Amino acid sequence: MSAVPVLALAATPRDWAARLHRHVADHGGGRIRATVLTAAEALAERYDVLLADDRTSFLSQRLIRSLHDSGRLVVGLYDAADPQGKSDLVDWGVDEALPSDLAPGELLAAIQELLPSRPAERRHPGGQPVAPAAVPAVSRLAGAIVVRGPGGGAGRTEVALGLAAELAITGGSTVLVELDEARASLAPRLGLPPYPNLRAAVDWSRRGAGSARAAVQRADAGLGVLVAGPVPQSLGPAPGDDLAAVLSDVARGADWVVVDAGEAGAPLPIATTVLVGAATPVGAVRLTALLAAQADAAHVVVNRAPASAYRRWEFLDELRRAHTPLSVTTVPEDRNVFDASWRGRPSQRGPFARAMRALAQRIAAERETAA
């Protein structure tokens, strides 16, 4: 243990952090090693105590358990006028919950009193904490496919659904995960209730209240769906660490995971990427930009492709100037997709379904070859 506690501070808009910085600079009593912005940073840094407050977006029961396992303590700070903040911190399992207006000297004294209570078995024999991963150690999710593309008519969600439905028929148990909360559409598309949803899975995972898999709804034989539900704008997007934990949890027990990720991608490295765009001049620009920015080669789906062979060639030639895709699937306009949406089912016949079947077989063959 250090002569003075080594601290990490979670970034916060409240003034307790700035006051503590000034006090330590003027009077000592502690050493501030880092200000951390994510759970991954909190686990990677070496220190004795993490100071966070009830507004810290990445603070969770899962993170606190990981820090405890590596011999570190967590002190939570709350607004004295908000008893719910203190209650949340206690529920998450912090070692001490203190009012955020506490004088810095008193805060450091409270931390000094806590340090001897740290169980010895939580510490590495060399005295340095060992940080476990915030989520299971998964560098790439085998059998996982992320479907990306702009919203607003490109057909990305329909492609993700069609691909997942085909994999569920031929490849085993499949889960379709909708990450794009701003354009959530899978629940109404499949006639599913909006809850439980992605945000519920994130909340259960953060609080250790259950498995994220419990939020997966059954849509069809072999196909489960984790829908994105309506989220108040005040909450903002779910932190990437939380989404990564949910994806890792959902991936266990499934043969395939298809992620409808919007334009931004997914918070974990994914085995296969599918980019979707509409066969229009604007669609070409957007899809070309996505393809050029893609680190690895991706499969491309050109949705609502024109009947004209020349226009299709012109569109694809423009794409290949940006990057060579693994494959290109052109899908014509298909009335069967419209009819299937009214029945709340994936489209299972017609040119769109045949195209998704061929793409699913291609990706499955790649996975088999890689194995």
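What you see is a predicted model, and the numbers here were worked out from it, not measured in a lab.

### Some points on the overall build of the chain
For step 1, the next point in the chain: The helix and strand tally for the chain stands at 13 helices and 13 strands.
For step 2, the next point in the chain: The principal-axis extents of the C-alpha atoms in the chain amount to approximately 75 × 40 × 40 Å.
For step 3, the next point in the chain: Pairs at least 24 residues apart make up 74% of the contacts formed inside the chain by residues separated by at least 6 positions.
For step 4, the next point in the chain: Total accessible area on the chain is roughly 16900 Å²; 52% of this is exposed by carbon and sulfur atoms.
For step 5, the next point in the chain: A gap of 6 Å separates the mean positions of the 39 positive and 40 negative side-chain charges of the chain.

### A look at the nonpolar core
For step 1, the next point in the chain: Counting residues in each nonpolar core, the largest one holds 31 residues, and the members touching the most others are Ile-145, Val-147, Leu-163, Leu-176 and Val-274.
For step 2, the next point in the chain: Counting residues per element, the ones that place at least two in this core are strand 6 (141-148), helix 6 (156-170), helix 7 (186-190), strand 9 (223-226), strand 10 (256-262), strand 11 (270-278) and helix 13 (351-370).
For step 3, the next point in the chain: Considering each element in turn, this core owes the most residues, eight residues, to helix 6.
For step 4, the next point in the chain: Residues contacting Val-274, with those up to four places away along its chain left out, are Ile-145, Val-146, Val-147, Arg-148, Leu-163, His-299, Val-301, Leu-359 and Ile-363.
For step 5, the next point in the chain: Val-146, Val-202, Leu-247 and Val-257 belong to the second-largest nonpolar core, a separate cluster that totals 23 residues.

### Points about the pattern of salt bridges
For step 1, the next point in the chain: Under the criterion given, the structure shown has 16 salt bridges.
For step 2, the next point in the chain: As a salt-bridge pair, Arg-33 and Glu-45 come within 3.4 Å of each other at their nearest N and O atoms. Within this pair, whereas Arg-33 is found in strand 2 (residues 31-36), its partner Glu-45 is found in the loop between helix 2 (39-44) and strand 3 (49-53), the two being separated by 12 residues in sequence.
For step 3, the next point in the chain: Among the residues examined, Arg-33 registers a relative accessible area of 42% and is labelled partly exposed.
For step 4, the next point in the chain: Of the residues examined, Glu-45 reaches a relative accessible area of 28% and is grouped as partly exposed.
For step 5, the next point in the chain: Salt-bridge contacts for Glu-333 lead to Arg-304; the nearest nitrogen and oxygen are separated by 3.7 Å.

### A closer look at the side chain of Ser-100
For step 1, the next point in the chain: Note on placement: Ser-100 falls in the loop between strand 5 (96-99) and helix 5 (104-114).
For step 2, the next point in the chain: Residues contacting Ser-100, with those up to four places away along its chain left out, are Trp-16, Arg-19, Leu-77, Tyr-78 and Asp-79.

### Details of the environment of Thr-369
For step 1, the next point in the chain: Counting through the fold element by element, Thr-369 comes out in helix 13.
For step 2, the next point in the chain: Taking the C-alpha atoms as reference points, Thr-369 and Ser-60, separated by 309 residues in sequence, lie 39 Å from one another.

### Regarding the packing of helix 8 (residues 198-207) against helix 9 (residues 240-251)
For step 1, the next point in the chain: Helix 9 packs onto helix 8 with a crossing angle of 95 degrees between their chain directions and a minimal axis gap of 9 Å. Put simply, helix 8 runs roughly perpendicular to helix 9. Across the interface between the two elements, Leu-198, Ala-201, Val-202, Ser-205 and Arg-206 of helix 8 pack against Asp-242, Leu-243, Ala-245 and Val-246 of helix 9.
For step 2, the next point in the chain: Residue composition of the contact of helix 8 with helix 9, grouped by class: six nonpolar, one polar and two charged.

### Looking at the side chain of Arg-189
For step 1, the next point in the chain: Within the secondary structure layout, Arg-189 lies in helix 7.
For step 2, the next point in the chain: Apart from the residues lying within four places of it in its own chain, the contact partners of Arg-189 are Glu-158, Leu-161, Val-337, Ala-340, Ser-341, Gly-344, Arg-345, Pro-346 and Ser-347.

### Points about helix 8
For step 1, the next point in the chain: Burial runs high along helix 8: seven of the 10 residues are buried.
For step 2, the next point in the chain: Turning to helix 8, its buried residues number three or more, namely Leu-198, Arg-199, Ala-200, Ala-201, Val-202, Ser-205 and Arg-206.
For step 3, the next point in the chain: On its buried side, helix 8 packs onto helix 3 (61-69), strand 7 (174-178), strand 9 and helix 9.

### Regarding unusual backbone geometry
For step 1, the next point in the chain: A cis amide bond links Tyr-195 with the next residue in sequence, Pro-196, at an omega value of 5 degrees.
For step 2, the next point in the chain: Look at Arg-304: it is not a glycine, yet its phi comes out positive at around 50 degrees.
For step 3, the next point in the chain: Residue class for Arg-304 comes out partly exposed when judged on its relative accessible area of 36%.

### Re the packing of aromatic side chains
For step 1, the next point in the chain: A complete count under the given rule lists two aromatic pairs for this structure.
For step 2, the next point in the chain: With a centroid separation of 6.4 Å and 70 degrees between ring planes, the pair formed by Phe-338 and Trp-342 is classed as edge-to-face. Separated by four residues within a single helix, Phe-338 and Trp-342 lie in helix 12 (residues 335-343), roughly one turn from each other.
For step 3, the next point in the chain: You can call Phe-338 partly exposed: its relative accessible area is 43%.
For step 4, the next point in the chain: The aromatic ring of Tyr-47 is capped on one face by Arg-72, whose charged end is 5.0 Å from the ring centroid.

### A short note on the confidence of the model for the chain
For step 1, the next point in the chain: On average, residues of the chain carry a pLDDT of 86, and 91% of them reach 70 or more.
For step 2, the next point in the chain: Scored below 50 in pLDDT, residues 120-139 shows 35 contacts in the model against residues more than four places distant or in partner chains.

### Here's the deal with the packing of helix 6 against helix 13
For step 1, the next point in the chain: One way to put it is that helix 6 packs onto helix 13 with a least axis distance of 8 Å and a crossing angle of 65 degrees. Our pair here, helix 6 against helix 13, has a crossing hand that is right-handed. Mapping the contact onto sequence places Glu-158, Val-159, Gly-162, Leu-163, Glu-166 and Leu-167 in helix 6 and Phe-352, Ala-353, Met-356, Arg-357, Leu-359, Ala-360 and Ile-363 in helix 13.
For step 2, the next point in the chain: In the contact of helix 6 with helix 13, the residues fall into nine nonpolar, one polar and three charged.

### Observations concerning the pairing of strand 1 (residues 6-10)
For step 1, the next point in the chain: Across the five residues that make up strand 1, a large majority, five, are buried.
For step 2, the next point in the chain: Residues Val-6, Ala-8 and Ala-10 point to one face of strand 1 and Leu-7 and Leu-9 to the other, with burial holding for every one of them.
For step 3, the next point in the chain: Judged from the five bridges that link them, strand 1 and strand 2 form a sheet pairing that is parallel. Bridging across to strand 2, Leu-7 finds its partner in Ile-32.
For step 4, the next point in the chain: In this fold, strand 1 hands off to helix 1 (residues 16-27), which returns the chain to strand 2; that crossover is right-handed.
For step 5, the next point in the chain: Note that strand 1 and strand 3 share three bridges and pair parallel. Pairing of Leu-7 across the sheet is with Val-49, part of strand 3.

Conventions adopted
- Residues numbered from 1 in each chain as written.
- Predicted model: local features only at pLDDT ≥ 70, side-chain atom pairs only at ≥ 80, totals over all residues.
- Heavy atoms only, no water.
- Helix = DSSP H or I, 4+ residues; strand = E, 2+ residues; numbered from the N terminus.
- Contact = heavy atoms within 4.5 Å.
- Areas by Shrake-Rupley, 256 points an atom, 1.4 Å probe, with all protein chains shown as cover.
- Lys, Arg positive; Asp, Glu negative; His and termini not counted.
- Charge placed at Lys NZ, Arg CZ, Asp CG, Glu CD.
- Core = buried A, V, L, I, M, F, W, Y, C linked by side-chain atoms within 4.5 Å.
- Buried < 20%, exposed > 50% of the residue type's maximum accessible area, 1.4 Å probe, protein only.
- Salt bridge = Lys/Arg side-chain N within 4 Å of Asp/Glu carboxyl O.
- Axes fitted to C-alpha atoms, helices over the stretch in contact; angles between N-to-C directions.
- Parallel < 35°, antiparallel > 145°, perpendicular 65-115°, else oblique.
- Nonpolar A, V, L, I, M, F, W, Y, C, P; charged D, E, K, R; others polar.
- Phe/Tyr/Trp six-rings, centres within 6.5 Å; stacked < 30°, edge-to-face > 60°.
- Lys NZ or Arg CZ within 6 Å of the ring centre and 35° of its normal.
- pLDDT = per-residue confidence, 0-100.
- Left-handed = near helix turned anticlockwise from the far one by under 90°.
- Pairing = 2+ DSSP bridges.
- Right-handed = clockwise from strand over helix to strand, strands pointing away.

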